[in-house]
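Architecture at a glance
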Amino acid sequence: MSYATLKLDRRDAVEILSLNRPQALNALSPQMAEELSDYFAGLKSRLDVRVVVLRGEGRLFCAGADLGTDAFAESGAGRAQRQMAMQKLYSGVVRAMRACPQPIVALIHGAACGGGFSLALAADVRYAAPNARMNAAYIKVGLGGCDMGAGYLLPRLVGLSNASEFLLTGRFIDAERALRMGLVSEIAPEGELLDLGLKLAADMLKTAPMGLRLTKETLNAEIDAPGLDAALTLEDRQQVILLETADHREAVTAFLEKRAPLYKDA
């Protein structure tokens, strides 16, 4: 695959996806939104990629949406419809990220604003450099603070009070505050961030492939489960499916033989 605004670096079963518009501070343009949606949607048929590490080239992760003229619909009849199509293009990136089977590890350095913040929220795990600064910048440009999934994801990650503080003001969240709130899992020097992400990916690769995919799928479903009974029902079905796989039998055999399992996604 070749993209104009993204860079891919394959490391065995891990793919490093870099936002690659450093000259524009990795601002999220319509073209980048299209390419991100294409990439994440395509992962459903690329199960040989088991983990995605998401990062930004250059000085920062992502400065937010590119507010150039091509980000807005032309005036005239049908503008509302064209603007809705543009809006759905951007929000569709978050939908594709949550729907792809692979866990996504976001590495945040420098600013992650607006659309960049939403990309970070849509990841499964976030690590940050000490200079990371994140905000829901939407409200700063005369829009609502809830955009590209921020109003859904942020309260579930940090609670309603914290989320309301940042969505209603556009205030920045620094790395230390993000760590205290549980928005990021760990802070590491910028030069060590990629190694940290790849180390986590390596631990994920020690699991059975289908088990890893279904764990993300089940977490997605359980976040909105109406209660414990519904959550247990989801988990019961996941485990029964996985109990029937050859990889489960291999894992048990390897455990008894005190060796590392050799998974075949079977």
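For the structure, check the block above.
These figures come from a predicted structure and were not determined experimentally.

What counts, and at which threshold
Residue positions are counted from 1 within each chain, in the order its sequence is given. Only residues with pLDDT of at least 70 are given local features in this predicted model, and only at 80 or more are side-chain atom pairs given and counted; all residues enter the totals for whole chains, interfaces and linings. In computing side-chain properties, one takes all heavy atoms of the structure into account and sets aside hydrogens as well as water. Categorising residues by exposure relies on relative accessible area from a 1.4 Å probe, with only protein chains included: less than 20% of the type maximum marks a residue as buried, more than 50% marks it as exposed, and the intermediate range marks it as partly exposed. Numbering goes from the N terminus for both helices and strands, where a helix is a DSSP run of H or I of at least four residues and a strand is a run of E of at least two. At least two bridges found by DSSP between two strands is the condition for calling them paired. Each patch is assembled from residues with relative accessible area greater than 30% and no salt bridge, linking like charges that lie within 9 Å and nonpolar side chains (Val, Leu, Ile, Met, Phe, Trp, Tyr) that lie within 5 Å. Only the protein chains shown count as cover for residues, and all accessible areas are computed by the Shrake-Rupley method using a 1.4 Å probe. Salt bridge, as applied in this entry: a Lys or Arg side-chain nitrogen positioned within 4 Å of an Asp or Glu carboxyl oxygen. When two rings of Phe, Tyr or Trp (its six-membered ring) have centres within 6.5 Å they constitute a pair, described as stacked for plane angles under 30 degrees, edge-to-face for angles over 60, and tilted for the intermediate range. Two conditions define a charge located above a ring, namely a distance within 6 Å from the ring centre to NZ of Lys or CZ of Arg, and an angle within 35 degrees of the ring normal. Using a 1 Å grid laid over the protein atoms alone, points where a 1.4 Å probe fits but cannot get out form a cavity; open sets with protein on both sides within 12 Å along at least 5 of 7 lines form a pocket; any residue with an atom within 4 Å of a point counts as lining. Grid points are joined across faces, edges and corners, and a volume is the space filled by probe spheres set on the points. Three classes are used, and their members are as follows: Ala, Val, Leu, Ile, Met, Phe, Trp, Tyr, Cys and Pro are nonpolar, Asp, Glu, Lys and Arg are charged, and the others, Gly among them, are polar. In this description, contact between two residues means that some pair of their heavy atoms is separated by no more than 4.5 Å. All axes are obtained by fitting lines to C-alpha atoms, using only the stretch in contact for helices, and the reported angles, taken between N-to-C directions, cover 0 to 180 degrees. The definition of a nonpolar core used throughout is a set of buried Ala, Val, Leu, Ile, Met, Phe, Trp, Tyr and Cys residues joined through side-chain atoms within 4.5 Å.

1. Points about the pairing of strand S6 (residues 125-128)
Side chains Val125 and Tyr127 of S6 all project onto a buried face; the interleaved residues Arg126 and Ala128 project onto the opposite face, where all are buried too. Bridge count for strand S4 (residues 104-108) against S6 is 4 bridges, and the pairing is parallel. Directly across from Val105, in S6, lies its bridge partner Val125. In terms of strand pairing, S6 meets strand S9 (residues 186-187) through 2 bridges, oriented parallel.

2. What about a nonpolar patch on the surface?
Side chains of Leu67, Phe72, Val141 and Leu143 sit close together on the surface and give an oily, nonpolar patch of about 400 Å² of accessible area. Inspection of the secondary structure puts Val141 in the loop between strand S7 (133-135) and helix H4 (150-158).

3. Structural notes on the packing of aromatic side chains
A complete count under the given rule lists 1 aromatic pair for this structure. Relative to Phe40, the ring of Tyr39 lies with its centre 5.1 Å away and its plane at 75 degrees, an arrangement referred to as edge-to-face. Just as Tyr39 is buried, Phe40 falls in that class too. Across the ring face of Phe172, the terminal group of Arg133 is positioned such that the distance to the ring centre comes to 3.7 Å. We note Arg156 situated over the ring of Tyr152; from NZ or CZ to the ring centre the distance is 3.7 Å.

4. Remarks on the layout of surface pockets
If a probe as big as a water molecule is rolled over the atoms, it shows which places are left empty. Computed from the structure, the largest pocket encloses a volume of approximately 790 Å³. In terms of lining, the largest pocket is formed by 31 residues, of which the most central are Arg98, Asp124, Lys216, Leu219 and Asn220. Listing elements by their share of the lining of the largest pocket, those giving two or more residues are helix H2 (79-99), S6, H4 and helix H8 (209-222). When residues of the lining of the largest pocket are assigned to their parent elements, the largest contribution, 7 residues, is made by H8. In the lining of the largest pocket, the residues fall into 17 nonpolar, 4 polar and 10 charged. A volume near 410 Å³ is recorded for the second largest pocket. Along its surface, the second largest pocket is lined by 20 residues, and Ala65, Leu67, Tyr138, Leu143 and Asp147 are the ones closest to its centre. The biggest single contributor to the lining of the second largest pocket is H2, with 4 residues. When the residues that make up the lining of the second largest pocket are grouped by side-chain class, the tally is 13 nonpolar, 5 polar and 2 charged.

5. Here's the deal with the environment of Ala112
Secondary-structure assignment places Ala112 in strand S5 (residues 111-113). Here Ala112 falls in the buried class, since its relative accessible area comes to 0%.

6. A few points about the sheet that holds S6
Paired through their backbone hydrogen bonds, the strands of a sheet run either parallel or antiparallel. Strand order in the open sheet made by the 6 strands is S1-S2-S3-S4-S6-S9, with mixed pairing throughout. The open sheet is flanked by strand S1 (6-11) and S9, the only strands paired with a single partner. Bridging between strand S3 (residues 51-56) and S4 involves 3 bridges; their strand directions are parallel. Each bridged residue has a counterpart across the sheet, and for Val53 the counterpart in S4 is Val105. This element, helix H1 (residues 30-42), spans S1, strand S2 (14-19), S3 and S4 of the sheet and lies at about 170 degrees to S2.

7. Quick word on the side chain of Thr245
Residue position: Thr245 is located in the loop between helix H9 (228-243) and helix H10 (246-256). With sequence-adjacent residues up to four places away left out, Thr245 is seen in contact with Met210 and Ala266.

8. Section: the pattern of salt bridges
Counted under the stated rule, the structure contains 15 salt bridges. Salt-bridge contacts for Glu57 lead to Lys7; the nearest nitrogen and oxygen are separated by 3.0 Å. In this pair, Glu57 is assigned in the loop between S3 and H2 and Lys7 in strand S1, connecting sequence segments 50 residues apart. Lys7 gets classed as partly exposed once you look at its relative accessible area, which sits at 38%. Salt-bridge contacts for Arg46 lead to Glu15; the nearest nitrogen and oxygen are separated by 2.9 Å.

9. Some remarks on the nonpolar core
Formed by 52 residues in total, the largest nonpolar core has its most connected members in Leu36, Phe40, Leu154 and Leu183. Top element by residues in this core is H2. It accounts for 6 residues. Those residues in contact with Leu183 that lie beyond four places of it in its chain are Phe117, Leu121, Arg126, Met134, Leu154, Leu157, Val158, Ile173 and Ala178. Core analysis: the next-biggest nonpolar cluster, separate from the first, contains 17 residues, Val51, Val125, Leu200 and Ala201 among them.

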